[in-house]
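Reading the structure
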Amino acid sequence: MNSRSVPKWSLVWLVLWITFSGIAFFLVPSPTFELSRALQLGFDSFGRPLASLVLTGSFRSLVMALFATLAAGSLAWLITTIRFGLQESTVASARFTRLLDDSLSIALSFPSLLVALVFAAVFGAGWSTLILALTVGSLPSLLRLLWSQADDVRTEFYVEAARATGASPMGLFVNHVLPGVWEVYALKLPQLFAHALLAEAALSFLGLGAPAQSESWGTLLAQGQNTLIEAPSVLLIVGLPLVITLLALQSLSEKK
Amino acid sequence: MTPSALSSLRVLRIFLLGLVVLSIGTTLMVRALPGDPVELLFAESSVTLDRATIEAELGLNQSALDAIPETWKNYLRGDWGKSLLSREPLGPLLLQRLARSALLGALALSFALILSLSLALSAAPAPGRTADRVVSLWGALSASMPLPVVALVLVLLLSLQIPIFRVSRDPILPAFSLSFAVGGFWARLLRDRIRQRLHHPSAVSARARGVSEPWVLLKYSLAPQSGALLAYLGTQFGFLLGGSFVVETLFDWPGLGQMVVESIRARDYPATQAAVLWTGTLSLLGTCLGSWAQSRTHAKSGDSRS
């Protein structure tokens, strides 16, 4: 069924980077300290080895983005199921579905970064704020995709036929809508993950994401800005892996 | 693009509902703060006012149900409150910043449009050639280069290595960064859209009548798509606005985006509320106009979905 060829380099890169950053994050004292010295990648402005910092920082960002993607991914199914139930229901009026659709249109008309910034304004910078902001930020675009796909499937003849033969709304959803939407959903997830990483980088870069004591990809980019004149290599060492990771994730979402 | 064409009435309803959500959201922001907002301000910002003044200016001395209409009465009178820190009235400040953001946005929009249009027009008829590859590469990069990275690389290249542009208070580099981030998508979309129409019967018959190839490209491939593309631009407005938060802060460009970020950092809540309300309204307006334009072109051509 899956005939799409996934570019190998992107999988190799993602697996290697996640493994090494995980090792650097969990092993204390980190073996990357020596690695950093051996590779001559230098130190940041506080004298910490840059290679190890990038690995541990990126691991935090990856975990945050993964959390947010999974949370948004499951929330989206929950809401889509409710919407489908409302559409199929003979009791609830079409007004409820319309209310849901209007709410989605409203949510889609604000940039997700603005929503995230408002969260940061209320709850202050921190991991929980970051996860909340990233989740809420990635939910609308996923919902739009799922709903339009689900609506397409819902009006197919085989679904009409199943409905006519007395299938329950839950049965219709599990047997027809879910398999019909799943492929698009699975294809969208890596992109959603990439968007969460991008949003994390932007928020933490602005100083409104990751808390001050711990580094993430975004705060390290901010360091790259501070030392841009004296040590442009910091930007390169921090930014390049991030760009490659994002390219790899996007390539997993590419339709071939 | 959007799953279904929206009717004009629905777009209007969404705009008004969105405004209501936005105004309630910004008014409730201070009330949602964990703990006592005034204590938080004393602890985390450099505010020098006394408790009663702060409570009055944040509307905390009355209930939320009284505060929301009260705030709106003031807004409609043109009174946007005062900054808690600088004590300046916010109304004139917001206007100034809006003008600067608009300048930046207009520059970025024109850079992105000129670049992506010219690239797409040269790439569309020649798959696999250089222009085509550049469009693909740019599309991939704009999806995978975080805006801070784009901006810093540009600063490094065009301001530090080859000193062409000033970094601070010069709109060219920030506009260029923004346009790099959005233009890649546009170039790819334009190229694919134009390419679809190149072999449309109307284009083929025009060619047979002896119409020159550049004219076929412009009149029979680009022009029929322009309605849908304009509508798409409207939906990109929020994206551009989101980018302006990062770019304005990074380049110290005193626009609305920078105001949002800096007021949040300084916990200057009246400024945050007003700036979020303004940027939110702008983005709502852009998106709604975009979907309205989209519904118009749908109604006219009927087949612009494909």
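Description of the structure in this document.

Reading the values: rules and limits
- Residues numbered from 1 in each chain as written.
- Chains lettered and ligands numbered in written order.
- Predicted model: local features only at pLDDT ≥ 70, side-chain atom pairs only at ≥ 80, totals over all residues.
- Heavy atoms only, no water.
- Helix = DSSP H or I, 4+ residues; strand = E, 2+ residues; numbered from the N terminus.
- Buried < 20%, exposed > 50% of the residue type's maximum accessible area, 1.4 Å probe, protein only.
- Contact = heavy atoms within 4.5 Å.
- Areas by Shrake-Rupley, 256 points an atom, 1.4 Å probe, with all protein chains shown as cover.
- Lys, Arg positive; Asp, Glu negative; His and termini not counted.
- Charge placed at Lys NZ, Arg CZ, Asp CG, Glu CD.
- Buried area = accessible area lost by both parts, 1.4 Å probe.
- Salt bridge = Lys/Arg side-chain N within 4 Å of Asp/Glu carboxyl O.
- Polar contact = N/O pair within 3.5 Å; in protein donor to acceptor, adjacent residues only side chain to side chain.
- Phe/Tyr/Trp six-rings, centres within 6.5 Å; stacked < 30°, edge-to-face > 60°.
- Axes fitted to C-alpha atoms, helices over the stretch in contact; angles between N-to-C directions.
- Parallel < 35°, antiparallel > 145°, perpendicular 65-115°, else oblique.
- Left-handed = near helix turned anticlockwise from the far one by under 90°.
- Nonpolar A, V, L, I, M, F, W, Y, C, P; charged D, E, K, R; others polar.
- Expected span 1.5 Å × (residues − 1).
- Patch = residues over 30% accessible without salt bridge, like charges linked within 9 Å, V, L, I, M, F, W, Y side chains within 5 Å.

Looking now at the overall build of chain B. Check the secondary structure of chain B and you find 14 helices and 0 strands. Listing each helix as α and each strand as β along chain B from the N terminus yields α-α-α-α-α-α-α-α-α-α-α-α-α-α. Looking at the 306 residues of chain B, the share that counts as buried comes to 49%. For chain B, the proportion of contacts with a sequence separation of at least 24, taken over those separated by at least 6, is 72%. Within the structure as shown, chain B displays about 14,000 Å² of accessible surface, and the carbon and sulfur contribution to it stands at 65%. When the 27 basic and 19 acidic side-chain charges of chain B are each reduced to a single mean position, those positions are 16 Å apart.

Helix and strand counts for chain A come out as 10 helices and 0 strands. In chain A, the succession of α and β elements from N to C terminus is α-α-α-α-α-α-α-α-α-α. If one aligns the C-alpha atoms of chain A with their principal axes, the spans along those axes are about 70 × 45 × 30 Å. Every one of the 256 residues in chain A was classed for burial, and the buried ones make up 48%. Taking contacts inside chain A between residues at least 6 apart in sequence as the whole, the part at least 24 apart equals 73%. For chain A, the exposed area adds up to about 12,200 Å²; of that, 68% sits on carbon and sulfur atoms. Of the charged side chains in chain A, 14 are positive and 14 negative; the average position of the first set lies 2 Å away from that of the second.

Turning our attention to the interface of chain B and chain A. The partner chain A presents 38 residues to the 44 residues of chain B that form the contact. Across the chain B to chain A interface the summed buried area is about 3,500 Å²; carbon plus sulfur atoms make up 78%. Three residues, Ser144, Leu152 and Ile264 of chain B, lead the burial of chain B against chain A; their summed loss comes to 15% of the area buried on that side. The tally of links from chain B across to chain A stands at 2 salt bridges. With a shortest N-O distance of 2.7 Å, Asp102 of chain A and Arg10 of chain B are connected by a salt bridge. The tally of links between chain B and chain A comes to 9 residue pairs in polar contact (both at pLDDT 80 or more). Of all the secondary structure elements, the ones that give two or more residues to the side of chain B that touches chain A are helix H1 (8–29), helix H6 (130–144), helix H7 (147–161), helix H12 (237–250), helix H13 (256–266) and helix H14 (269–301) of chain B. Per element, the largest residue contribution to the side of chain B that touches chain A is 8 residues, and it comes from H14 of chain B.

Our next topic: the packing of aromatic side chains. All names here are of chain A. Enumeration over the complete set of coordinates arrives at 17 aromatic pairs over all chains. Look at Phe25 and Phe59: their rings are 5.0 Å apart centre to centre, the planes differ by 35 degrees, and that puts the pair in the tilted class. Within this pair, whereas Phe25 is found in helix H1 (residues 8–26), its partner Phe59 is found in helix H3 (residues 50–88), the two being separated by 34 residues in sequence. Take Phe25: its relative accessible area is 28%, and that puts it in the partly exposed class. Both rings, one in Trp182 and one in Tyr185, keep their centres 5.1 Å apart while their planes meet at 50 degrees; by these two values the pair is tilted. With a gap of 3 residues between them, Trp182 and Tyr185 both fall in helix H8 (residues 169–205), about one helical turn apart. Using a relative accessible area of 45% as the deciding quantity, one classes Trp182 as partly exposed.

Further remarks concern the packing of H8 of chain A against helix H10 (residues 233–253) of chain A. Between two packed helices, what matters for the description is the angle formed by their axes and the separation of those axes. All names here are of chain A. Interaxial distance between H8 and H10 falls to 7 Å at its minimum, and their mutual angle equals 155 degrees. Accordingly, the angle class assigned to the pair H8 and H10 is roughly antiparallel. H10 is crossed by H8, and the crossing has left-handed handedness. Between H8 and H10, the contacting residues are Leu187, Lys188, Pro190, Gln191, Phe193, Ala194, His195, Leu197, Leu198 and Ala201 on the first element and Leu242, Thr245, Leu246, Leu249, Gln250, Leu252 and Ser253 on the second. Considering only residue class, the contact of H8 with H10 consists of 11 nonpolar, 5 polar and 1 charged.

What follows covers helix H5 (residues 112–123) of chain A. Residue and element names in this part refer to chain A. Across its 12 residues, H5 extends 17 Å between first and last C-alpha, which sits within 8% of the 16 Å expected from 1.5 Å per residue. Listing the buried residues of H5 in full gives Leu113, Leu114, Ala116, Leu117, Phe119, Ala120, Ala121 and Val122. Gly124, located one to two residues past H5, shows a positive phi value of around 75 degrees.

Turning our eyes to something else, we now look at unusual backbone geometry. Located in the positive-phi region is Arg87 of chain B, a residue other than glycine, with phi close to 65 degrees. With relative accessibility at 27%, the residue Arg87 of chain B sits in the partly exposed group.

Residue and element names in this part refer to chain B. At a minimum axis separation of 8 Å, H6 and helix H8 (residues 172–198) run at an interaxial angle of 135 degrees. Comparing the axis directions of H6 and H8 gives the class oblique. As H6 packs across H8, the resulting crossing turns out to be left-handed. When H6 is examined against H8, the residues Asp132, Val135, Ser136, Trp138, Gly139, Ala140, Leu141, Ser142 and Ala143 are found in contact with a partner set consisting of Ser179, Phe180, Ala181, Gly183, Gly184, Phe185, Ala187, Arg188, Arg191 and Arg195.

All names here are of chain A. On the surface, a nonpolar cluster with roughly 450 Å² of combined accessible area is contributed by Val12, Leu16, Phe20, Ile23 and Leu27. Within the fold, Leu27 resides in the loop between H1 and helix H2 (32–39). With relative accessibility at 46%, the residue Leu27 sits in the partly exposed group.

On to the side chain of Glu215 of chain A, then. Residues and elements named next belong to chain A. The topology assignment puts Glu215 in the loop between H8 and helix H9 (217–226). Within the local environment of Glu215, its side chain forms a polar contact with the side chain of Thr219, the two groups lying 2.8 Å apart. In this view, Glu215 contacts Arg48, Leu53, Gly57, Arg60, Leu220 and Gln223; residues no more than four positions away in its chain are not counted.

The next subject is the pattern of salt bridges. Under the counting rule described, the total for this entry stands at 13 salt bridges over all chains. Among the ionic pairs, Glu55 of chain B bridges to Arg51 of chain B, the shortest N-O distance being 3.4 Å. Remark: Arg51 of chain B and Glu55 of chain B occur in helix H3 (residues 51–57); sequence separation between them is 4 residues, near one turn of the helix. Given the relative accessible area of 24%, Glu55 of chain B is considered partly exposed. Of the residues examined, Arg51 of chain B reaches a relative accessible area of 31% and is grouped as partly exposed. Notably, a salt bridge pairs Asp192 of chain B with Arg191 of chain B, separated by 3.2 Å at the nearest N-O pair. Using a relative accessible area of 8% as the deciding quantity, one classes Arg191 of chain B as buried. One salt-bridge network, held together by shared partners, links Glu88, Arg154, Glu160 and Arg163 of chain A.

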